[in-house]
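# Results of the structural survey
Chain residues, written in single-letter form:
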Amino acid sequence: QVQLVESGGGLVQPGGSLRLSCAASESFASIYAMGWYRQAPGKQRELVASIVSGGNINYADSVKGRFTISRDNANNGVYLQMNSLKSEDTAVYYCMFDGRTTIATMRRLYWGQGTQVTVSP
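Below is a short write-up of the structure. The structure displayed is predicted, hence computed values, not measured ones.

### A few points about the pattern of salt bridges
Inspection of the entire model under this criterion finds 5 salt bridges. Among the salt bridges present, the one from Arg38 reaches Glu46, with a minimum N-O distance of 2.7 Å. We classify Arg38 as buried; its relative accessible area is 5%. Across the salt bridge formed by Arg38 and Asp89, the nearest N and O atoms sit 3.0 Å from each other. Linking Arg38 in strand β4 (residues 28–39) with Asp89 in the loop between β8 (77–82) and β9 (91–101), this pair joins segments that are 51 residues apart in sequence. The class for Asp89 is buried, based on a relative accessible area of 1%.

Rendered as structure tokens:
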């Protein structure tokens, strides 16, 4: 069973920074997209940032200019650098891979377990 392992969440003051990391427990034969989503209490899960295989990157309007997504192709990793954090960024952050592992026959979405980010004075 493939696992996406996230790290880097925590408590930070407004204006601070955090860097989230996500790595897959197995190798992927093909990755079509990687991304970060978040879900705040009482709200639906929303896309924060994504990067597709061709390199195109998409950000939610609320994080443009503050967050940066990057990928490590060699290690099947994806990162989210979060700067100038605001209280409204408080949420559980999930990483997502859209791809096919080396032992799988089909493409599918994989999700991490989530990491809490809390922005508070």
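Here the narrative resumes.
### Some remarks on the state of the cysteines
Applying the stated rule across the entire model yields 1 disulfide. The side chain of Cys22 participates in a disulfide bridge whose partner is Cys95; the two sulfur atoms lie 2.0 Å from each other. Negative torsions about the S-S bond denote left-handed disulfides, and the value of about 50° found for Cys22 with Cys95 makes this one right-handed. Highlighted residues: Cys22 in strand β3 (residues 18–24) and Cys95 in strand β9, separated in sequence by 73 residues. Under the relative-accessibility criterion, Cys22 is labelled buried at 2%. The buried category is assigned to Cys95, whose relative accessible area is 0%.

### Some points on the side chain of Asp98
Looking at where Asp98 falls in the secondary structure, it is placed in strand β9. One polar contact links Asp98 to Arg107, side chain to side chain, over a distance of 2.8 Å. Residues contacting Asp98, with those up to four places away along its chain left out, are Ser30, Ile31, Tyr32, Ala33, Arg107, Arg108 and Leu109.

### Section: the environment of Met96
Here Met96 shows up in strand β9. For the pair Met96 and Ala33, spaced 63 residues apart in sequence, the C-alpha separation works out to 8.1 Å.

Rules of the game
- Note that residues are indexed from 1 along each chain, following the sequence as it is written.
- In view of the model being predicted, local features appear only for residues whose pLDDT reaches at least 70, and side-chain atom pairs are presented and counted only at 80 or more, with totals across whole chains, interfaces and linings using the full set of residues.
- Heavy atoms from the whole structure form the basis of all side-chain values; hydrogens and water molecules are not counted.
- The term salt bridge refers to a pairing of a side-chain nitrogen on Lys or Arg with a carboxyl oxygen on Asp or Glu at a separation within 4 Å.
- The buried label applies to any residue whose accessible area, calculated with a 1.4 Å probe on protein chains only, is under 20% of its type's maximum; exposed applies above 50%, and partly exposed to all values in between.
- Starting at the N terminus, helices and strands are each numbered in turn, a helix being any DSSP run of H or I of at least four residues and a strand any DSSP run of E of at least two.
- By definition, disulfides here are pairs of cysteine sulfur atoms that lie within 2.5 Å.
- Polar contacts here mean pairs of N or O atoms no more than 3.5 Å apart (in protein, one a potential hydrogen donor and the other a potential acceptor; neighbouring residues in sequence count only if both atoms are side-chain atoms).
- Residues are treated as being in contact if the distance between any of their heavy atoms lies within 4.5 Å.

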